[in-house]
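# Analysis of the macromolecular model
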Amino acid sequence: MKLLFIVFSFLLITSCQKEKPSMLIPNFLIGDWIRVNEEEGNTTYESWNTNLKGLGYTLKENDTIFKERLSFITVKDTLFLKVEGVNDTATLFKLTQQTDSSFVCENPINEFPKTIKYYLENEQLKAIASANNFKIEFIFDKL
């Protein structure tokens, strides 16, 4: 009887644990990238490590004119893309779609962007930041 109680208790405890969100590791992000559709005079880079932490920055000659830190985090069992360095506080974008070569993150209350999409196409990393009828497209070649 005691053994039956222990087995039942174990099954009850393990069945009540919440599953952690599953996420395909977007290996297509990993590496160092240079933007090929940047405005003349600027050079934009994006680097992602194997821990899915990224750094994006833009140089105008030798001066950094833009910098953001990117990472994937879990908040209450929900995955988010966390963007830091653009605003005073970090902005979270909820991961809403994902395949092995793309993902979409959204934050409908953010002024711009409301949606961020990354995808791999023809060995180029592409990203679209959009809100309403306005979008900015980023095309990166791997360094």
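The present account deals with the structure reproduced in this document. Since we're looking at a predicted model, the values are computed, not measured. Note that residues are indexed from 1 along each chain, following the sequence as it is written. Confidence filtering applies because this is a predicted model: local features only for residues at pLDDT of at least 70, side-chain atom pairs given and counted only at 80 or more, and all residues used for totals across whole chains, interfaces and linings. Note that the side-chain values use all heavy atoms of the structure and ignore hydrogens as well as water.

Strand order in the closed barrel made by the ten strands is β1-β2-β3-β4-β5-β6-β7-β8-β9-β10, with antiparallel pairing throughout. Direction aside, neighbouring strands of the sheet carry axes that sit 25 degrees apart on average. Pairing geometry for strand β2 (residues 42-48) and strand β3 (residues 53-60), over seven bridges, is antiparallel. Counted as the bridge partner of W48 is G54 from β3. DSSP bridges decide pairing: two strands pair if at least two such bridges lie between them. For helices the rule is a DSSP run of H or I covering at least 4 residues; for strands it is a run of E covering at least 2, with both sets numbered from the N terminus onward. To obtain each axis, a line is fitted to C-alpha atoms, and for helices this fit is confined to the stretch in contact; angles are then taken between N-to-C directions over 0 to 180 degrees.

Our next topic: a nonpolar patch on the surface. Each patch groups residues whose relative accessible area exceeds 30% and which form no salt bridge, using 9 Å between like charges and 5 Å between nonpolar side chains of Val, Leu, Ile, Met, Phe, Trp and Tyr. The Shrake-Rupley method, run with a 1.4 Å probe sphere, supplies the accessible areas, and residue values consider only the shown protein chains as cover. By salt bridge we mean one thing: a side-chain nitrogen of Lys or Arg within 4 Å of a carboxyl oxygen of Asp or Glu. On the surface, a nonpolar cluster with roughly 250 Å² of combined accessible area is contributed by I65, F66 and V86. By secondary structure assignment, the location of F66 is in strand β4 (residues 63-75).

Attention now goes to the pairing of strand β5 (residues 78-84). Inspection of the sheet shows β4 paired to β5 by seven bridges, in the antiparallel sense. What sits directly across from V75, in β5, is T78. Linking two consecutive strands that pair antiparallel, namely β4 and β5, is a turn of two residues; a positive phi of about 50 degrees is found at K76 within it. Summarising the sheet, β5 and strand β6 (residues 91-99) pair through four bridges and their orientation is antiparallel.

The subject of this paragraph is the nonpolar core. If you look at the biggest cluster of nonpolar residues, it comprises 19 residues, and the most contacted ones within it are L29, W48, F72, L81, F103, Y118 and L125. A per-element tally of this core places β5 first, with three residues. Setting aside its immediate chain neighbours within four residues, Y118 contacts F28, L29, E46, W48, L70, S101, S102, F103, L125, K126 and A127. For our purposes a nonpolar core is just a set of buried Ala, Val, Leu, Ile, Met, Phe, Trp, Tyr and Cys residues, chained together by side-chain atoms within 4.5 Å. Exposure classes here rest on a 1.4 Å probe applied to the protein chains alone. A residue is buried below 20% of its type maximum, exposed above 50%, and partly exposed in between. The criterion used for residue contact is that any of the two residues' heavy atoms lie within 4.5 Å.

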